Amino acid sequence: MADIALQGVTKKFGPNIALRDLDLDIKDGEFFVLLGQTGAGKTTTLRVIAGLEKPNSGKVIIDGQDATGWNAAERDVALVLQQYSLYPRLTVRGNLEFPLKSRTHNLTTAEIKDRVDRVAETLQITRLLDRKVERLSGGEMQRVSIGRAIVRKPRVFLMDEPLSALDANLRDVLRVELKKLHSELGATFVFVTHDQVEAMSMGDKIGVLNQGRLVQVGTPSEIYARPINTFVARSVGTPPMNLLDGVLRGGAALLDAGGFTLPVTRTHGADGARMRFGIRPEDVVLDDNGPVSARVFDIENHGVIKILTLDIDGTHLHATVSAQTKVRIDEVVRFGWRPGKVLSFDPGNGRNLDLG
Amino acid sequence: MAAVRTNGERTINRLAIVSVLIITMIFLAPIYWIASTAFKPRNLATTIPPTIVFTPEISPFVKLFTKRSQLRAPPSQEEYAAAPWWERLVFDGGEKVVRSGRGEVQLSGYPSRFMNSLIVAITSTVLAVGMGTFTAYGFSRFRVKGEQDLLFFILSTRMLPPVVVAIPMFLMYRAVGLNDTHLGLIILYTAFNLSFSVWLMKGFIDEIPKEYEEAALVDGYTRMQAFFKIVLPEAATGIAATAVFCFITAWNEYAFALIMTNRRAQTAPPFIPSQVGSGLPDWTVIASGTLLFLLPVAIFTFLLRNHLLRGMSFGAIRK
Ligand SMILES: Nc1ncnc2c1ncn2[C@@H]1O[C@H](COP(=O)(O)OP(=O)(O)OP(=O)(O)O)[C@@H](O)[C@H]1O
Ligand SMILES: [Mg+2]
């Protein structure tokens, strides 16, 4: 069990800067999700924590101790990757035993067998133990990879998109199992993903990475409700938050698109200040007496909900409505929004003005 | 319609088989020539047109392994009767086996040359493949300063035809006392094969995902242990392919061996053609020596054939 901190970590690959002055605090026993697009530096962050990459500057602190100079073996972390974590030449049992046979563990054959059997049972892979790894399905392989990590009882689990190569159903199942495993083991998990649904559903905390910088850290609901800027705002939620440009006029939002005026409860800046207003699709409400009129451009059916794409003079925005709502494509509808849910962003740097 | 096409396919198939057979025969003709000559009586070895049908003899092999001299007079009845069967074969060819003062049969130079070839080829192959694998691993896994330039430099050692440097090498070797030594040839062949081995092995090691070793590192293994436990088994196919190439090169090398060695460390390639017998060249003896010389490469390649088939399809290693 351990907490992890990165302090001012910068990692360069030649001219590429993968991580810029990264500060990160992960508490003992936390399920911490690193969310970011491709190239954001998620894998690099994990590799720095694991000791597979040395930062150009900055420190890695594990359990209060400066671990920057430690090699991978000394850090007592386990790594689960999207693929290639298992040795193709060995059986499942061979793979599970492998970490226990290193010189850092002094286990007897009986102890090793015992541990492997118990882990196999936990992950329901007992029947696979004598199979060659290359004969396993993707889901089975990832189960074994996770088993390989937990068999050693490390202080920290590092997982680099372990589920992203699996199909959707399997992903859901393993997501639940990983969460369960986390609460049983009580260990620190650092979980990397580019999938915001995965991040929102699994994380105790989410850290949003963008171009090597940590943009925001918070609980899923904090990230969702109070994004620090437009980047984070659009990183979570499906469909993403609508961003509409306009000006503040008499305590209300005057949209550039169509010149409609909508109420807002929190205002920032002087009358006439330019703003980027953010509203989540579920806070856009169809209402025959609503202040804005728009054309229905597209309808996506998602079972209990429908996602509408509305067109106001060429500007599109999404609205999530109940499946019972009767609308047709090209129909002209009126809508409003929940004034209390509107966020205001600086149109220049994208900062959330509500957070000061 | 379908039947017609099947018939057509069958004809094409047969044609393919026949042409493959013909091509194979053309390629195997020299081998057959050598193999058949190795079993011919001496007087049939150089007939024109070549003799195809003959009674095979073992005498060329007997002559290959024994030291002989020309008979001035035919052997006496008792001498002939007392001789073992193989010595009679030599008598029949108008020669006699040379014996020491105590009556021991003297061996020809062939067995020791063959041993020299084995020693030099095996040792230099092990060294070249071993060092090449380590070097390739370093280039593949670590950020090496000037990697491209270094790799090009390593390859450039192969760009000159080896014979160009033969004379200077000979003079240097003579100065340091390395000529006509096993060590000298081993160093030469190792150096020659190393560049090839580095390049081949780098290709194979690049194909092995580095994630495998990193997982081992995280699990508490050292870099060395990870190399031996993970990389080497994964690279076995590539090592086998590289070893065959290096072995063939070292085994068949002629020019340097001819210049650098003459007795103690001489290998089979320069020796065999010098094996002219006593008097006129005895082609049957040369052929039998050549035939035996072909065997080690054939056996080595055969033993590693499974690895080779996978290894030759560079980059197509299963992941
Ligand atoms: N070994 C390397 N050599 C050079 N550049 C690298 C190396 N590893 C990563 N980078 C660069 O650093 C940046 C961050 O890469 P990283 O792999 O951490 O991204 P990521 O967030 O994991 O992306 P993905 O979702 O695609 O896995 C990228 O621009 C990448 O090109
Ligand atoms: Mg990555």
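Reading the values: rules and limits
Residues numbered from 1 in each chain as written. Chains lettered and ligands numbered in written order. Predicted model: local features only at pLDDT ≥ 70, side-chain atom pairs only at ≥ 80, totals over all residues. Heavy atoms only, no water. Helix = DSSP H or I, 4+ residues; strand = E, 2+ residues; numbered from the N terminus. Buried < 20%, exposed > 50% of the residue type's maximum accessible area, 1.4 Å probe, protein only. Contact = heavy atoms within 4.5 Å. Areas by Shrake-Rupley, 256 points an atom, 1.4 Å probe, with all protein chains shown as cover. Lys, Arg positive; Asp, Glu negative; His and termini not counted. Charge placed at Lys NZ, Arg CZ, Asp CG, Glu CD. Rg over C-alpha atoms; globule rule 2.2 N^0.38 Å. Buried area = accessible area lost by both parts, 1.4 Å probe. Salt bridge = Lys/Arg side-chain N within 4 Å of Asp/Glu carboxyl O. Polar contact = N/O pair within 3.5 Å; in protein donor to acceptor, adjacent residues only side chain to side chain. Pairing = 2+ DSSP bridges. Axes fitted to C-alpha atoms, helices over the stretch in contact; angles between N-to-C directions. Domains from an automatic or database assignment. Near = heavy atom within 4 Å. Nonpolar A, V, L, I, M, F, W, Y, C, P; charged D, E, K, R; others polar. Core = buried A, V, L, I, M, F, W, Y, C linked by side-chain atoms within 4.5 Å. Patch = residues over 30% accessible without salt bridge, like charges linked within 9 Å, V, L, I, M, F, W, Y side chains within 5 Å. UniProt positions renumbered as here; feature names shortened; annotations may be inferred.

### Brief notes about the overall build of chain A
Part 1: A count of helical and extended segments in chain A gives nine helices and 20 strands.
Part 2: Across its three principal directions, the C-alpha atoms of chain A cover 75 × 45 × 35 Å.
Part 3: Counting across all 356 residues of chain A, residues that qualify as buried make up 51%.
Part 4: Partitioning the intrachain contacts of chain A with sequence separation of at least 6 by distance along the chain shows that 65% fall at a separation of at least 24.
Part 5: Summed over its atoms, the accessible surface of chain A is roughly 15900 Å², and 48% of this surface lies on carbon and sulfur atoms.
Part 6: Side-chain charges of chain A comprise 46 positive and 44 negative groups, with the mean position of each set lying 4 Å from the other.

### Notes on the overall build of chain B
Part 1: A count of helices and strands for chain B gives 14 helices and two strands.
Part 2: What you see for chain B is a C-alpha radius of gyration of 26 Å, clearly larger than the 20 Å of a compact globule of 319 residues, by over 25%.
Part 3: Oriented by its inertia axes, the alpha-carbon framework of chain B measures out at about 80 × 75 × 40 Å.
Part 4: By residue count, 39% of the 319 residues in chain B fall in the buried class.
Part 5: Restricting to contacts in chain B with at least 6 residues of sequence separation, those with at least 24 account for 74%.
Part 6: Summed over all atoms, the accessible surface of chain B reaches about 17900 Å², with 70% contributed by carbon and sulfur.

### Describing the interface of chain A and chain B
Part 1: Listed by partner, the interface residues are 26 residues for chain A and 21 residues for chain B.
Part 2: Interface of chain A and chain B: buried area, both sides summed, is about 2000 Å²; carbon and sulfur atoms make up 55% of it.
Part 3: Here chain A is connected to chain B by five salt bridges.
Part 4: A salt bridge links Arg89(A) to Glu234(B), with the nearest nitrogen and oxygen atoms 2.8 Å apart.
Part 5: Run the count over chain A and chain B and you get 13 residue pairs in polar contact (both at pLDDT 80 or more).
Part 6: Sorting the residues of the side of chain A that touches chain B by element identifies strand E1 (4-13), helix H2 (72-75) and strand E6 (77-80) of chain A as the ones contributing at least two each.

### Comments concerning the sheet that holds strand E13 (residues 261-263) of chain A
Residues and elements named next belong to chain A.
Part 1: With antiparallel pairing, the five strands of this open sheet are ordered in space as E13-E12-E11-E14-E20. For this open sheet the edge positions go to E13 and strand E20 (343-345), each flanked by a neighbour on one side alone. With strand direction ignored, the average angle separating the axes of adjacent strands in the sheet is 45 degrees.
Part 2: One ladder, built from three bridges, connects strand E14 (residues 274-279) with E20; its direction is antiparallel. Across the sheet, residue Arg 276 finds its bridge partner in E20, namely Phe 345.

### Observations regarding the domain arrangement of chain A
All names here are of chain A.
Part 1: Assigned domains of chain A: these are domain 1 (4-235) and domain 2 (242-355).
Part 2: Contact with domain 1, which involves 10 residues of that partner, is made by 10 residues of domain 2.
Part 3: For the pairing of domain 1 and domain 2, the buried interface totals around 870 Å² over both sides, and the portion due to carbon and sulfur atoms is 57%.
Part 4: Linking domain 1 with domain 2 are zero salt bridges.
Part 5: Of all the secondary structure elements, the ones that give two or more residues to the side of domain 1 that touches domain 2 are helix H8 (220-225) and helix H9 (230-235).

### Details of the site of ligand 1
All names here are of chain A.
Part 1: Taken together, Phe 13, Ala 18, Gln 37, Thr 38, Gly 39, Ala 40, Gly 41, Lys 42, Thr 43, Thr 44 and Glu 161 form the complete shell of residues around ligand 1.
Part 2: One nitrogen or oxygen atom from the main chain of Ala 40 is found 3.2 Å from an oxygen atom belonging to ligand 1.
Part 3: Interatomic distance of 2.9 Å between a backbone N/O atom of Gly 41 and an oxygen atom of ligand 1.
Part 4: Burial of ligand 1 by the protein chains amounts to 61% of its free accessible area of 630 Å².
Part 5: Tallied by class, residues from the shell around ligand 1 come to three nonpolar, six polar and two charged.

### Considering the nonpolar core
Note that soluble globular proteins tend to have their nonpolar side chains buried in a common cluster.
Part 1: Counting 53 residues, the largest nonpolar core has Leu6(A), Leu52(A), Tyr87(A), Val156(A), Leu158(A), Val190(A) and Ala216(B) as its most contacted members.
Part 2: Broken down by element, the residue count for this core peaks at eight residues, all from helix H10 (residues 223-252) of chain B.
Part 3: Ranked by size, the runner-up nonpolar core spans 41 residues in total, among them Val92(A), Leu96(A), Val133(A) and Leu178(A).

### Description of the pattern of salt bridges
Part 1: In total, this model carries 35 salt bridges over all chains according to the counting rule given.
Part 2: Across the pair Glu53(A) and Lys11(A) runs a salt bridge, and its minimum N-O distance is 3.9 Å. Of the two residues, Glu53(A) sits in the loop between helix H1 (42-50) and strand E4 (57-62) while Lys11(A) sits in strand E1, which places them 42 residues apart along the sequence. Each of the two residues, Glu53(A) as well as Lys11(A), counts as buried.
Part 3: Shared partners join several salt bridges into a network, and the residues in it are Lys11(A), Arg47(A), Glu53(A), Arg143(B) and Glu214(B).

### A few points about the side chain of Arg152(A)
Part 1: Tracing the backbone shows Arg152(A) in the loop between helix H5 (138-150) and strand E7 (156-160).
Part 2: Within the structure, the side chain of Arg152(A) is placed 2.7 Å from the backbone oxygen of Val77(A), a separation counted as a polar contact.
Part 3: Ignoring sequence-local partners within four residues, the contact set of Arg152(A) consists of Asp76(A), Val77(A), Ala78(A), Pro99(A), Leu100(A), His105(A), Arg115(A), Val218(B) and Asp219(B).

### Here's the deal with a nonpolar patch on the surface
All names here are of chain B.
Part 1: Taken together, Leu 295, Ile 299, Phe 302 and Leu 303 make up a surface patch of nonpolar side chains, about 420 Å² in accessible area.
Part 2: Locating Leu 303 in the fold gives a position in helix H13 (residues 283-303).
Part 3: Assessed through its relative accessible area of 62%, Leu 303 is described here as exposed.

### Quick look at unusual backbone geometry
Part 1: Cis geometry marks the peptide bond from Thr238(A) to Pro239(A), where omega comes out at -15 degrees.
Part 2: Looking at the element boundaries, Pro239(A) is found in the loop between H9 and strand E11 (242-249).
Part 3: Backbone torsion omega between Ile48(B) and Pro49(B) reads -5 degrees, so that peptide bond is classified as cis.
Part 4: Its place among the elements puts Pro49(B) in the loop between helix H1 (2-37) and helix H2 (59-65).
Part 5: Within the chain, Asp63(A) stands out as a residue other than glycine whose phi angle is a positive 55 degrees.
Part 6: For Asp63(A), the location among the structural elements is in the loop between E4 and strand E5 (65-66).
Part 7: Assessed through its relative accessible area of 35%, Asp63(A) is described here as partly exposed.
Part 8: Although it is not a glycine, Asp180(B) adopts a positive phi angle of roughly 55 degrees.
Part 9: For Asp180(B), the position within the fold is in the loop between helix H7 (166-176) and helix H8 (182-206).
Part 10: A residue is classified by how much of its surface remains accessible, and Asp180(B), at 9% relative accessible area, is buried.

### As for a negative patch on the surface
Residue and element names in this part refer to chain A.
Part 1: Judged by side-chain charge, Asp 3, Asp 21, Asp 23, Asp 25 and Asp 28 come together as a negatively charged surface patch.
Part 2: Mapped onto the elements of the fold, Asp 25 is located in strand E2 (residues 16-26).
Part 3: Given the relative accessible area of 53%, Asp 25 is considered exposed.

### So, the UniProt feature "domain: ABC transporter" (unreviewed entry) in chain A
Part 1: Per the UniProt annotation, the sites labelled "domain: ABC transporter" (unreviewed entry) are residues 4-236 of chain A.
Part 2: With 36% helix and 27% strand, residues 4-236 of chain A has its two end C-alpha atoms placed 25 Å apart.

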